[in-house]
Amino acid sequence: KFMKDGTYIKIYCVLKDGDTIIMTQDQEGQPGWKFPGGHVDPRELLFTAITREIKEEIGLDIHLDNVLLIEDFFNRKRPDEHNMRFFVIATIAGGTERTKPDEVKTLKRFSRSELRTLKQEEVYPPHWEALRAYLNGQAYPLSLLKEVER
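What counts and how
Residues numbered from 1 in each chain as written. Predicted model: local features only at pLDDT ≥ 70, side-chain atom pairs only at ≥ 80, totals over all residues. Heavy atoms only, no water. Salt bridge = Lys/Arg side-chain N within 4 Å of Asp/Glu carboxyl O. Helix = DSSP H or I, 4+ residues; strand = E, 2+ residues; numbered from the N terminus. Buried < 20%, exposed > 50% of the residue type's maximum accessible area, 1.4 Å probe, protein only. Core = buried A, V, L, I, M, F, W, Y, C linked by side-chain atoms within 4.5 Å. Contact = heavy atoms within 4.5 Å. Polar contact = N/O pair within 3.5 Å; in protein donor to acceptor, adjacent residues only side chain to side chain. Patch = residues over 30% accessible without salt bridge, like charges linked within 9 Å, V, L, I, M, F, W, Y side chains within 5 Å. Areas by Shrake-Rupley, 256 points an atom, 1.4 Å probe, with all protein chains shown as cover. Phe/Tyr/Trp six-rings, centres within 6.5 Å; stacked < 30°, edge-to-face > 60°. Expected span 1.5 Å × (residues − 1).

Caption draft 1: Inspection of the pattern of salt bridges at higher detail. Overall, the coordinates contain 12 salt bridges when judged by the stated rule. Residues Arg 85 and Glu 71 are paired through a salt bridge, measuring 2.7 Å at the closest nitrogen-oxygen approach. With Arg 85 in strand β5 (residues 82-95) and Glu 71 in strand β4 (residues 60-74), this residue pair connects regions lying 14 residues apart in the sequence. Here Arg 85 falls in the buried class, since its relative accessible area comes to 16%. According to the relative accessible area criterion, Glu 71 is buried, its value standing at 12%. Lys 100 is the partner of Glu 103 in a salt bridge, and the nearest nitrogen-oxygen pair spans 3.1 Å. Note on Lys 100: relative accessible area 25%, which makes it partly exposed. Counted as one network, the salt bridges with shared partners bring together Asp 41, Glu 44, Arg 52, Glu 53 and Glu 56.

Caption draft 2: Representation of the nonpolar core. Core analysis: the biggest nonpolar cluster contains 21 residues, and Ile 11, Cys 13, Leu 15, Ile 50, Ile 54 and Ile 62 have the highest contact counts within it. At the level of secondary structure, the elements contributing two or more residues to this core comprise β1 (7-17), α1 (46-58), β4 and β5. Examining the composition of this core, we find that six residues originate from one element, α1, more than from any other. Residue contacts for Ile 50: discarding those within four places in its chain leaves Ile 11, Tyr 12, Cys 13, Pro 36, Gly 37, Ile 62, Leu 64 and Val 88. Judged by nonpolar contacts, the second largest core, of 20 residues, contains Ile 89, Leu 118, Val 123 and Leu 131.

Caption draft 3: The side chain of Glu 71, seen in detail. At 2.7 Å, the side chain of Glu 71 and the side chain of Arg 85 are in polar contact. The residues touching Glu 71, leaving out its near neighbours within four places in the chain, are Asn 83, Met 84, Arg 85, Phe 87, Pro 126 and Glu 129.

Caption draft 4: Region of interest: a nonpolar patch on the surface. Nonpolar side chains collect at one region of the surface, where Ile 70, Tyr 140 and Leu 144 lie side by side and expose about 280 Å² of accessible area between them. Here Leu 144 is to be found in the segment after β7 (140-141).

Caption draft 5: Examining the packing of aromatic side chains more closely. Counted according to the given criterion, the structure contains three aromatic pairs. With a centroid separation of 5.1 Å and 80° between ring planes, the pair formed by Trp 33 and Phe 110 is classed as edge-to-face. A residue pair is termed long-range when its members are at least 10 positions apart, and Trp 33 in the loop between β2 (20-26) and β3 (37-39) and Phe 110 in strand β6 (residues 104-111) qualify at 77 residues. You'll find Trp 33 and Phe 110 in the same group, each marked buried. Members of the aromatic cluster, each reached through a chain of ring pairs, are Tyr 12, Phe 35 and Phe 87.

Caption draft 6: Geometry of α1. Relative to the 18 Å expected for 13 residues at 1.5 Å per residue, α1 spans 18 Å between its end C-alpha atoms, a close match to the ideal helical length. Turning to α1, its buried residues number three or more, namely Leu 46, Phe 47, Ala 49, Ile 50, Arg 52, Glu 53, Ile 54, Glu 57 and Ile 58. Buried positions along α1 lie against β1, β2, β3, β4, β5 and β6. Positive backbone phi, at 75°, marks Gly 59, one or two positions downstream of α1.

Caption draft 7: Spotlight on helix α3 (residues 128-135). The buried fraction of α3 is high, at six of eight residues. For α3, the set of buried residues is Trp 128, Ala 130, Leu 131, Ala 133, Tyr 134 and Leu 135. Here the buried face of α3 lies against β1, β2, β4, β5 and α2 (112-117). Where α3 terminates, the next one or two residues include Gly 137, which has phi positive at roughly 85°.

Here it is, written out as structure tokens:
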């Protein structure tokens, strides 16, 4: 999914469950562990998108805590394709855990020490930097991304 101007916006969630972090592996064949999330639909706000994506993919409701990382780049293979990737930190706020079979192959909870021992090739490449940032304690207030309804 992309916006009419060729911009792709995605948002992902470092989802905390007590002392663990939930990561998933996709059915789509993307290699490695990743943070749950996905495309922001046209005319959808970021926080609405991540709440929807987590509910759809793994059945859980979330409470947003922090902004972790924002990436803004042009695709190397398709230079006219503009990409924005947002990573947020959240905690579970309810819901019933259930994976969406056509999207999520595996869901796993990782302790902080397990996250530290993951090798780069075990993580979906676009999520490696976000994982490193999280483990290094990076976190920004949610107010960094102010949603303005007009």
